[in-house]
Structures are given as C-alpha cells and as structure tokens.
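Architecture at a glance
What follows is the residue order along each chain.
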Amino acid sequence: MTTVALAFSGGLDTTVCVPLLKEEYGYDDVIGVTVDVGQPASEFEEAADTAAALGLDHHVVDAKDEFAELCYGAVKANATYQGYPLGTALARPVIADGILELALEEGCDAVAHGCTGKGNDQLRFEAVWRGSELDVIAPVRELGLTRQWEIDYAAERDLPVEAGNEGVWSIDQNIWSRAVEGGQLEAPSYVPPEDIYEWTAEPEGETTIDVTFEEGVPVAVDGESMAPVELIEQLNEYAGAFGVGRTDVMEDRMLGLKVRENYEHPAATVLLTAHQALEDLVLTKQERSFKKGIEQEWSEKAYEGLVFAPLMDALEGFIDETQDVVTGTATVRVHAGSCRAVARDSEYAVYSEEMASFNTEDVAGIEQADATGVAKYHGLQERLANEVEAAPEKPELAPDGSGTDQ
Ligand code: ARG
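Below is a short write-up of the structure. (Residues numbered from 1 in each chain as written. Predicted model: local features only at pLDDT ≥ 70, side-chain atom pairs only at ≥ 80, totals over all residues. Heavy atoms only, no water.)

Bringing the site of the ligand into the picture now. Around the ligand, the structure places 13 residues, and the nearest of them are Tyr84, Asn120, Ser170, Glu251 and Glu261. The side chain of Ser170 places a nitrogen or oxygen atom 2.6 Å from a nitrogen atom of the ligand. At a separation of 3.3 Å, a nitrogen atom of the ligand approaches a polar backbone atom of Ala179. Summarising the interface, the protein chains cover 92% of the accessible area of the ligand, which totals 350 Å² for the free molecule. Within the residue set of the shell around the ligand, elements represented by two or more residues are helix H4 (87-105), strand E6 (170-173), strand E7 (178-181) and strand E12 (258-264). In the shell around the ligand, the residues fall into 5 nonpolar, 3 polar and 5 charged. (Near = heavy atom within 4 Å. Polar contact = N/O pair within 3.5 Å; in protein donor to acceptor, adjacent residues only side chain to side chain. Areas by Shrake-Rupley, 256 points an atom, 1.4 Å probe, with all protein chains shown as cover. Helix = DSSP H or I, 4+ residues; strand = E, 2+ residues; numbered from the N terminus. Nonpolar A, V, L, I, M, F, W, Y, C, P; charged D, E, K, R; others polar.)

If you want it as structure tokens, here you go:
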C-alpha cells in the first residue's frame, strides 16, 4: 500500500493530479493537504467540496501563526524583491513544511505538487521536500501537461472542476500579499482594470497610522496591542481602504523568465515603511548601510524559497543584533495610495537636538571651528586625482587606448 500526500487547492491543476497520481504513478492512495497561510475562506470551501466530490481524504493544516512569524522576520529584514514584499515566496516553504510533516505522520511514501515547470513555486516546494526521504512528484511538469489538456481530461473523467470557477485571473493570496497574474495581465503593455484589486480601494482619502515596535517586532497599531496574524489582517483592511500597497512589476523569475505581476499588500507596505523609519532613527550610519547588503541577500534567498538555509540564520544573527534598539513608534501617512513616514519616536534615537541644532554651541566640548580641520582634509584625494588627470604633461591617448605614435 503506497500513499502520496498532494498539495491540494481544489483548482484544476491539483484536481487532475489526484487520478494521475494513481494511474500514471501507481500510488494506491492519495491524501490532499491544504495549508492555511491566510487564504480566503472561499478557497478552503472549494478545496473541501472538490475533495469530497473526488472522494479524497483531505487535511487542513493551520500554519498562520508560523507564517506571520516569518513575515515579521521579513519586516526586520526590510525585505522586498523587485518591489514586492515576497508574500507568495515566503509562504511556500511554510506550506511545503506543513505538508511534509503531515505526510510523515501519515506514513506517506511521497509528496506531490501541481506546479508547472515554468514558475518559482516548484523550486520553493522541492527545496524543502528534497531534504526528506520521501519521493517528490511534480505531475504537471513531469507529464508536460497544458491547461487545455487538463480541461479536456477533467471533462472526460467527469472530475469536479466547475467551468469558470478558475476566474479570469490566477490569484495567490495569504495574509502577506495577494498576487494577481495571468490572462491579459501577462502583457506588460496592458493596463490592469480596477477590478483586479480586492484589498485596496481606488486610492483616495488620507489618515495617519502609528505602528509601535519592540525590538523590531510590530506590537501595536494606533496604540492597540495585537497578536501577529490579527495585526496583519486588520492593517490589510485599514490601510487597504486608502489604496495603499499596490505593486505592478516586471519580475525576473528564478528560471530567468521575465513576467508581469500585480500585487496587493497594504499591511506589508505600512509595516515595512514604519519599520524602516524607526531604524533610520536608531541605527548608526554604518549599521544602516551594512544592513542594506544583508537585507538584499535575505530578500533574494526568501524569493528563492530558501528561508530554511543556514545562511538565513547567519543573516538573521546580524539582523537581530541590530533590532535590540528598534523599539518605539513610527507614524505613517497613508494618502491616495501612497504611504510615507511622517514621524518617528524612540528612546534609542541616535539623535541629539543639542548637537544637531544651529542654535547651540559647544556641546560635548565640540565647537563649530573644530570642523575647519576636517573641511581641509575632506575631498583631498579627489582634488589631487583631478589635478593629476588635468596635468598638461600627461600623454594623450588615442581613442583605442594604444598611445599617440601610430
Ligand atoms: N511571481 C510571484 C512569486 O514567484 C507570485 C506568483 C503568484 N501566483 C499567482 N497565481 N498569482 O513569488
């Protein structure tokens, strides 16, 4: 008796995978697993209904808290990839892990997903799964399935896929972002219609939002303390009403394909903006600039679905070390779709009004005149370099750089 655990959404791809895993791959039994990272309720209903119609043993694993933790890790890392806050990318390893754990508990022999061979998700799932002893199966990729083939196959087998159920767009939603792709949106020259957006209203109106952090972790919005999942969900609704958090990007996938993607992520935008503003106040110049490189690396790895890599622990070691002082409140103004920091406050501010002010003199034994020596040295090397270059005796180079005598 062999069993395979399938990442199951109830959509066309994963629905056709159920009979294929038995017929083409020879498994005796298939169990469907849906991992909850904050998809809309309708997706769970669709999965449950489709599973029931297929006679599929279906499990739902709640990973919302674990996922929210990872999102807060992304806040500490100020993480975005080509402008997008990585919602889909961060969710995949969490989903893969949830499925693997259940598969092991249930004594499965293999794990399977319905991803195509063109996207990022196959790589993200398998980066987690291939660390186990279980077989990894990707029917859509391995059998070279096309959408049309799947539709015909489903019709022929009378599989429970409702025509039109898939909608015009392909949507991937979790608490961190809502990604919309496919159909006409694939054309980079196509201007998306307003109705691709569900979380964000047509940008208008304005308000300010206070976000309070403790050691880099968001703990309250407008003074009200909330647990991670609740805080993110409430902020999505609140800031979304002001049209905040839309991105329309040309995204370079891991396999090199350039694709057009649209995202909505109001909470992510507010939290990332507020966190950055607070860091700007409390970190030193050197910490801020060095951290940029760390953040870039963290974001790239996260995009690749490698949040469980040892490198991430090392990067987070640095990040966490910097977050001890990221405690305080930042205020952002959300206005007609924009979100910008307008105030920040922390007991750890690396800021002295006395020192920075034009109106005070002689603080910490330093007076204005002390800067004269610094001003004499500043730019010395650059001035010298320019002089050397401008010197008349310098031999003229031919355009090909080979010298003057040819
Ligand atoms: N391109 C994005 C990523 O790789 C997300 C794709 C989301 N999928 C969707 N069907 N909209 O992270």
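Right, let's talk about the packing of helix H10 (residues 285-303) against helix H11 (residues 310-323) for a bit. In contact at an axis separation of 10 Å, H10 and H11 are set at 145° when each is read in the N-to-C sense. Between H10 and H11 the crossing geometry is left-handed. When H10 is examined against H11, the residues Glu287, Phe290, Lys291, Ile294, Glu297, Trp298, Lys301 and Ala302 are found in contact with a partner set consisting of Leu311, Met312, Leu315, Glu316, Phe318, Ile319, Thr322 and Gln323. (Axes fitted to C-alpha atoms, helices over the stretch in contact; angles between N-to-C directions. Left-handed = near helix turned anticlockwise from the far one by under 90°. Contact = heavy atoms within 4.5 Å.)

Within helix H7 (residues 147-157), burial applies to Glu150, Tyr153 and Ala154. Each buried residue of H7 lies within a common arc of 100° when the element is viewed along its axis, so the set occupies one face. Projecting away from the buried face of H7 at angles above 90 degrees are the exposed residues Ala155 and Glu156. Of the surrounding elements, those touching the buried residues of H7 are helix H1 (12-23) and helix H6 (139-142). A positive phi of about 60° marks Asp158, the residue just after H7. (Buried < 20%, exposed > 50% of the residue type's maximum accessible area, 1.4 Å probe, protein only. Arc of directions from axis to C-beta.)

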